[in-house]
Amino acid sequence: MEDIRIEKVWLTDTAVWIRTTDGKEAQELFADYSRLKFATPQQRANFKVDSQGIHWEELDEDLSFEGFFQEKNPNVLYRLFTNHPELNAAAIARRMGMSQSLFAQYVSGAKKPSPQRLADIIETIRSVGRELMMIPA
């Protein structure tokens, strides 16, 4: 979808909604994003909108407007991050030196990482796990 122009952004109890200037509406469920899922209503309401998407600075969460209109294909990364909300996708992206926006597209299924990139992501997550295992009891 090219040049998405947003007219309105609003929240319900379960989702964030957008409406484009040409009348198209779409939603993203809070349940699909662990930081939004476990956020308080006040935290969810504390967002900023720019030409690319919606940003929750306090929650370290970003949703691109483009992603609202893309078909979601649950993949290994999506299942990994939804099944383990203690993992922080933005922090993994930063650790890898990868754009958080690109990483979010990989997790949502909007873009597919190459097999090597997927292996690198999984290895980075495992590396974090190994570091945590080294913490003295």
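All values derive from a computational prediction rather than experimental measurement.

(A) Highlighting the layout of surface pockets. A volume near 570 Å³ is recorded for the largest pocket. Contributing to the lining of the largest pocket are 33 residues, with Tyr33, Glu61, Asp62, Leu63 and Ala104 lying nearest its centre. Those elements giving two or more residues to the lining of the largest pocket turn out to be helix H1 (34-37), strand E5 (53-56), strand E6 (61-64), helix H3 (65-68), helix H4 (76-83), helix H5 (89-96) and helix H6 (100-108). Ranked by residue count, the leading element in the lining of the largest pocket is H6, at seven residues. Considering only residue class, the lining of the largest pocket consists of 14 nonpolar, twelve polar and seven charged.

(B) Local environment of the environment of glutamine 70. Mapping glutamine 70 onto the fold places it in the loop between H3 and H4. When the C-alpha atoms of glutamine 70 and methionine 96 are compared, they prove to be 25 Å apart, with 26 residues separating the residues in sequence. A distance of 3.3 Å separates polar atoms of two side chains, one belonging to glutamine 70 and the other to glutamate 66.

Calculation notes
- Along each chain, the written sequence defines residue order, and numbers are assigned to residues from 1.
- For a predicted model such as this one, the threshold for reporting local features is a pLDDT of at least 70, and the threshold for listing and counting side-chain atom pairs is 80 or more; totals across whole chains, interfaces and linings nevertheless cover every residue.
- In computing side-chain values, all of the structure's heavy atoms are included and hydrogens and water are not.
- Using a 1 Å grid laid over the protein atoms alone, points where a 1.4 Å probe fits but cannot get out form a cavity; open sets with protein on both sides within 12 Å along at least 5 of 7 lines form a pocket; any residue with an atom within 4 Å of a point counts as lining.
- Grid points are joined across faces, edges and corners, and a volume is the space filled by probe spheres set on the points.
- Secondary structure is summarised from DSSP: a helix means a run of H or I of at least four residues, a strand means a run of E of at least two, and numbering begins at the N terminus for each.
- Just so you know the grouping, Ala, Val, Leu, Ile, Met, Phe, Trp, Tyr, Cys and Pro go in nonpolar, Asp, Glu, Lys and Arg go in charged, and all remaining residues, Gly too, go in polar.
- Throughout this description, a polar contact denotes any pair of N or O atoms lying within 3.5 Å of each other; where both atoms belong to protein, one of them has to be capable of donating a hydrogen while the other can accept it, and for residues adjacent in sequence the pair is counted only when both atoms sit in side chains.

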